[in-house]
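Here is what each chain is made of, one letter per residue.
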Amino acid sequence: MYIDNSEPSENVGQIHFSLEYDFQNTTLILRIIQGKELPAKDLSGTSDPYVRVTLLPDKKHRLETKIKRRTLNPRWNETFYFEGFPIQKLQSRVLHLHVFDYDRFSRDDSIGEVFLPLCQVDFSEKPSFWKALKPPAKDKCGELLTSLCYHPSNSILTLTLLKARNLKAKDINGKSDPYVKVWLQFGDKRIEKRKTAIFKCTLNPVFNDTFSFNVPWEKIRECSLDVMVMDFDNIGRNELIGRILLAGKNGSGASETKHWQDMITKPRQTIVQWHRLKPE
């Protein structure tokens, strides 16, 4: 398991926590004490921070602190107990503390995170840590190979999801469990949804899945396909890896628009193209 111990590239604050191990009851005791100098994520110049706690790679052991309103120096003072962890099992785990800014109306913003391999911890000391948070990775999301074909005679729009490459890893094992979700849209109105199968532990899935939609010729320039590559998660919410919007009009990237226009100008032909996934 690869853990990056380099210094953070930008300052997104620090987190203070302590660890203790109850040998008699095979229980890890984690105390999340406070954070300081967190970045402001809200227009008010503050954040509403909370901490998500996971013992990787076990996503089922995911817990959260309470949300502290309007502060960049939150004091949580919360204690979490991970029971039934013999010391050998515990030493194969990585403590993941992920600080988020709660947002009532949209997705919570990631502030920063800390990974601590528990094999590095001397539990006889009851250690306490101040750790610099690492900013969330903003690297590339990967690419998706798709084909489009439109038959005006029977009004069938066909999308084939061929494969993806270099997807962003969402799991601690350096992989993801990708699948693709597709919405047919007219304007902002979602009409029809399709999904591929889930591919476990890969960043280069081969989907080879074809979806057909009934779209009259006079509507073909008004519709779009919102194509989202997702990471499946047994426990929490499935996460977006990246997306493309296949459409004839502006508002999407040039490659997606060109792909759609090529499909319209070459009816009955299958047009294949790679697209770079966008994070939002």
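Residues numbered from 1 in each chain as written. Predicted model: local features only at pLDDT ≥ 70, side-chain atom pairs only at ≥ 80, totals over all residues. Heavy atoms only, no water.

The name that an unreviewed UniProt entry assigns to the protein is C2 domain-containing protein, with the source organism given as Cloeon dipterum.

K.L.:
Looking at this structure, I do not really get the environment of Glu 113. What am I missing?
P.N.:
By secondary structure assignment, the location of Glu 113 is in strand S7 (residues 109–117). Given a relative accessible area of 16%, Glu 113 falls into the buried group. Once the C-alpha coordinates of Glu 113 and Leu 30 are considered, the two residues, 83 residues apart in sequence, prove to be 16 Å apart. With sequence-adjacent residues up to four places away left out, Glu 113 is seen in contact with His 96, Leu 97, His 98, Ala 132, Leu 133 and Lys 134. A polar contact of 2.8 Å, which involves the side chain of Glu 113, links it to the side chain of His 96. (Helix = DSSP H or I, 4+ residues; strand = E, 2+ residues; numbered from the N terminus. Buried < 20%, exposed > 50% of the residue type's maximum accessible area, 1.4 Å probe, protein only. Contact = heavy atoms within 4.5 Å. Polar contact = N/O pair within 3.5 Å; in protein donor to acceptor, adjacent residues only side chain to side chain.)

K.L.:
Before we go on, may I ask you to explain the pattern of salt bridges in this structure?
P.N.:
Should their charged atoms come close, side chains of opposite charge can pair. Taken as a whole and judged by the stated rule, the model has 7 salt bridges. With its nearest N and O atoms 2.5 Å apart, the salt bridge here joins Arg 194 to Glu 192. Judged by its relative accessible area of 24%, Arg 194 falls in the partly exposed class. Judged by its relative accessible area of 27%, Glu 192 is partly exposed. Residues Arg 243 and Asp 226 are paired through a salt bridge, measuring 2.7 Å at the closest nitrogen-oxygen approach. Taken as a pair, Arg 243 in strand S15 (residues 239–247) and Asp 226 in strand S14 (residues 223–231) lie far apart in primary sequence, 17 residues in all. Judged by its relative accessible area of 5%, Asp 226 is buried. (Salt bridge = Lys/Arg side-chain N within 4 Å of Asp/Glu carboxyl O.)

K.L.:
So what exactly am I meant to see when it comes to the side chain of His 96 here?
P.N.:
Looking at where His 96 falls in the secondary structure, it is placed in strand S6 (residues 94–101). Assessed through its relative accessible area of 11%, His 96 is described here as buried. Excluding residues within four positions of it along the chain, His 96 makes contact with Arg 52, Val 53, Thr 54, Leu 56, Glu 113, Val 114 and Phe 115.

K.L.:
For this particular structure, what's the right way to read the sheet that holds S15?
P.N.:
Sheet strands associate in pairs through backbone hydrogen bonding, adopting either a parallel or an antiparallel arrangement. Sheet architecture is open: 4 strands sit in the order S12-S11-S14-S15, paired in antiparallel fashion. Looking at strand neighbours, the two that pair on one side only are strand S12 (189–195) and S15, the edges of this open sheet. Each strand axis lies, on average, 20° off the axis of its neighbour in the sheet, ignoring direction. (Pairing = 2+ DSSP bridges. Axes fitted to C-alpha atoms, helices over the stretch in contact; angles between N-to-C directions.)

K.L.:
Sorry, what's going on with the sheet that holds strand S16 (residues 271–276) here?
P.N.:
In space, the 4 strands of this open sheet follow the order S13-S10-S9-S16, with antiparallel pairing throughout. Taken across any chain shown, the strands that pair with only one partner, and hence form the sheet edges, are strand S13 (206–214) and S16. Averaged over all pairs of adjacent strands, the angle between their axes in this sheet comes to 20°, without regard to strand direction. Of the pairings in the sheet, the one linking strand S10 (residues 156–165) to S13 comprises 7 bridges and is antiparallel in character. Within S13, the position partnered with Leu 157 by the bridge is Phe 213.

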